[in-house]
Amino acid sequence: MKNKKLIKRKDAVAGVIEALLLVALVSIIISTIQLVYIPQMMEQRESDHMDDVENQFSYLKSVIDLQSMVKEDVPISSPIILGSRELPYFVTARAFGQLDIIDKDRTDAYILTDSLNVSLTSIKYKAHNSYFTDQTYALEGGCVIVKQPDGETVKIEAGITIKNESTEIKIYYNLPVIDGVSGKNSTCGYKNCFIRTNYSDQNPIPGGPTTFIKIYTDYLDAWNVSFNKLLEEEVENGYIIIEKRPIGSEKYVSITPGIKSIYLELTLTYIGAQIGPGTVII
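Figured I'd write up the structure that's included with this text. (Residues numbered from 1 in each chain as written. Predicted model: local features only at pLDDT ≥ 70, side-chain atom pairs only at ≥ 80, totals over all residues. Heavy atoms only, no water.)

Describing the overall build of the protein chain
And then number 1: If you tally the helices and strands in the protein chain, you get 3 helices and 16 strands.
And then number 2: Relative to the globule expectation of 19 Å for 282 residues, the C-alpha radius of gyration of the protein chain, 28 Å, shows a markedly less compact shape.
And then number 3: Along the first, second and third principal axes, the C-alpha atoms of the protein chain reach 120 × 45 × 30 Å.
And then number 4: Burial status across the protein chain gives 41% buried among its 282 residues.
And then number 5: About 15700 Å² of surface is accessible on the protein chain, with carbon and sulfur atoms providing 55% of the total. (Helix = DSSP H or I, 4+ residues; strand = E, 2+ residues; numbered from the N terminus. Rg over C-alpha atoms; globule rule 2.2 N^0.38 Å. Buried < 20%, exposed > 50% of the residue type's maximum accessible area, 1.4 Å probe, protein only. Areas by Shrake-Rupley, 256 points an atom, 1.4 Å probe, with all protein chains shown as cover.)

Re the pattern of salt bridges
And then number 1: Under the definition given, this model contains 9 salt bridges.
And then number 2: In this structure, K61 and D65 form a salt bridge, with 3.0 Å as the shortest nitrogen-oxygen distance. Of this pair, K61 and D65 both sit in helix 1 (residues 11–70), 4 residues apart, which is roughly one turn of that helix.
And then number 3: Relative accessible area serves as the criterion here: at 36%, D65 is assigned to the partly exposed category.
And then number 4: Across the pair R245 and E243 runs a salt bridge whose closest N-O atoms are separated by 3.8 Å.
And then number 5: With a relative accessible area of 28%, R245 lands in the partly exposed category.
And then number 6: The network of salt bridges with common partners includes E165, E168 and K170. (Salt bridge = Lys/Arg side-chain N within 4 Å of Asp/Glu carboxyl O.)

With respect to the pairing of strand 5 (residues 122–128)
And then number 1: Where strand 2 (residues 96–102) meets strand 5, 7 bridges bridge the pair, whose relative direction is antiparallel. Within strand 5, the position partnered with I102 by the bridge is S122.
And then number 2: Bridging between strand 5 and strand 6 (residues 136–140) involves 5 bridges; their strand directions are antiparallel. Its bridge partner lying in strand 6, Y125 is registered against Y137. (Pairing = 2+ DSSP bridges.)

With respect to the packing of aromatic side chains
Remark: the centre distance and the inter-plane angle together describe each pair of aromatic rings, the angle taken between the planes.
And then number 1: All told, the structure shown has 6 aromatic pairs when counted by the stated rule.
And then number 2: Ring geometry for F57 against Y137: centres 6.1 Å apart, planes inclined by 35 degrees, an arrangement best described as tilted. Highlighted residues: F57 in helix 1 and Y137 in strand 6, separated in sequence by 80 residues. Each member of the pair F57 and Y137 is classed as buried.
And then number 3: Ring centres of W223 and F227 lie 5.7 Å apart, and the angle between their planes is 25 degrees; on these two criteria the pair is classed as stacked. Here the residue W223 and the residue F227 both occupy positions in helix 2 (residues 220–230), the gap between them amounting to 4 residues, near one helical turn.
And then number 4: Among the aromatic residues, ring-to-ring pairing joins Y110, Y216 and Y252 into one connected group.
And then number 5: In this arrangement the basic side chain of K170 is found over the ring face of Y263, its NZ or CZ atom lying 5.1 Å from the centre.
And then number 6: Its end group placed over the ring of F212, K214 keeps NZ or CZ at 5.0 Å from the ring centre. (Phe/Tyr/Trp six-rings, centres within 6.5 Å; stacked < 30°, edge-to-face > 60°. Lys NZ or Arg CZ within 6 Å of the ring centre and 35° of its normal.)

A look at the layout of surface pockets
And then number 1: By volume, the largest pocket amounts to about 190 Å³.
And then number 2: Along the walls of the largest pocket sit I102, R106, T107, D108, A109, S122, K124, E140, Y216, T217, D218 and Y219, which together make up its complete lining.
And then number 3: Considered class by class, the residues forming the lining of the largest pocket number 4 nonpolar, 3 polar and 5 charged. (1 Å grid on protein atoms, 1.4 Å probe; cavity = no way out; pocket = protein on both sides within 12 Å on 5 of 7 lines; lining within 4 Å. Points joined across faces, edges and corners; volume = space filled by probe spheres on them. Nonpolar A, V, L, I, M, F, W, Y, C, P; charged D, E, K, R; others polar.)

Looking at the sheet that holds strand 16 (residues 261–275)
And then number 1: One open sheet holds the 5 strands; their spatial order is 1-12-16-10-9, and the pairing between them is mixed. Pairing within the sheet leaves two strands with one partner each, and these edge strands are strand 1 (76–81) and strand 9 (160–164). Neighbour-to-neighbour, the strand axes of the sheet open up by a mean angle of 30 degrees, direction not taken into account.
And then number 2: Here strand 10 (residues 168–179) pairs with strand 16 via 12 bridges, running parallel. Within the sheet, the bridge partner assigned to V177 lies in strand 16 and is Y270. (Axes fitted to C-alpha atoms, helices over the stretch in contact; angles between N-to-C directions.)

A few points about the environment of G238
And then number 1: Take G238: it is sitting in the loop between helix 3 (232–236) and strand 14 (240–245).
And then number 2: Residue classification places G238 among the partly exposed positions, given a relative accessible area of 29%.
And then number 3: Note: C-alpha distance between G238 and I259 (21 residues apart in sequence) is 6.3 Å.
And then number 4: The contacts of G238, once residues within four sequence positions are left out, are G258 and I259. (Contact = heavy atoms within 4.5 Å.)

Quick word on the sheet that holds strand 13 (residues 213–216)
And then number 1: Spatial strand order, 4-3-13-15-14: 5 strands in an open sheet with antiparallel pairing. At either margin of the open sheet sits one strand with a lone partner, and together these are strand 4 (117–119) and strand 14. Neighbour-to-neighbour, the strand axes of this sheet turn through a mean angle of 15 degrees, independent of strand direction.
And then number 2: In this sheet, strand 15 (residues 252–257) lies alongside strand 13 in antiparallel orientation, the contact comprising 3 bridges. Opposite K214, over in strand 15, you have S254 as the bridge partner.
And then number 3: Docked against the sheet, helix 2 engages strand 13, strand 14 and strand 15, running at close to 170 degrees with respect to strand 14.

Here's what the structure looks like:
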């Protein structure tokens, strides 16, 4: 029978400790990336996506303006990126978005004057971000509006022309009216989609004097600031008065005469719109 001789050596223990330290170091690095850098990367990614949506709404407005000007029934598709996917190999979340066509049958917004009551239709995108601030983009009344929890603003003004004459302020407004298609007026997700629009008809409403213009909308601050900026000289000189009313419980933006009267001329341009492929049906 042979005797076994055991020899104590420390190099094997050192190898195990070294391996454990390497695993711990790698875990610390991955945890730091996951907890610190990945959220920053995802926030920047969603911020870039919001910039893309803003550019796409700017393009959509330019398409609708072009169709209104040319007055030809030529359908054009405009892309909208709804969201963004998660990063592979890391714990991240997707960003989703919802796109809606708010036509006259779905909207509560409208423009009211002495003799007119015209619906304010819109195309609205609402982001559901996981890291960046949630934002809403709306193409309403021909202007592009962005809204987030800390405020709202008009990014691109509506098609309004102002003429300051001796006794009156003339306002010419080319107002796009969006006609949606049932079953093709809403979508959500994170992939790309397309809004297909075309010119349908135009209805010039004869202009005339009015004692008030009231704009009922979900974006009171944006419309109020936009009109005060557009009619800055007229407001500063007291020719007209623009404010949110009634004070303390605002429901609409009010435009009323000051020392000059108001003349309003509206041109309603009907635009057919649908989300997704197919023929635009009016």
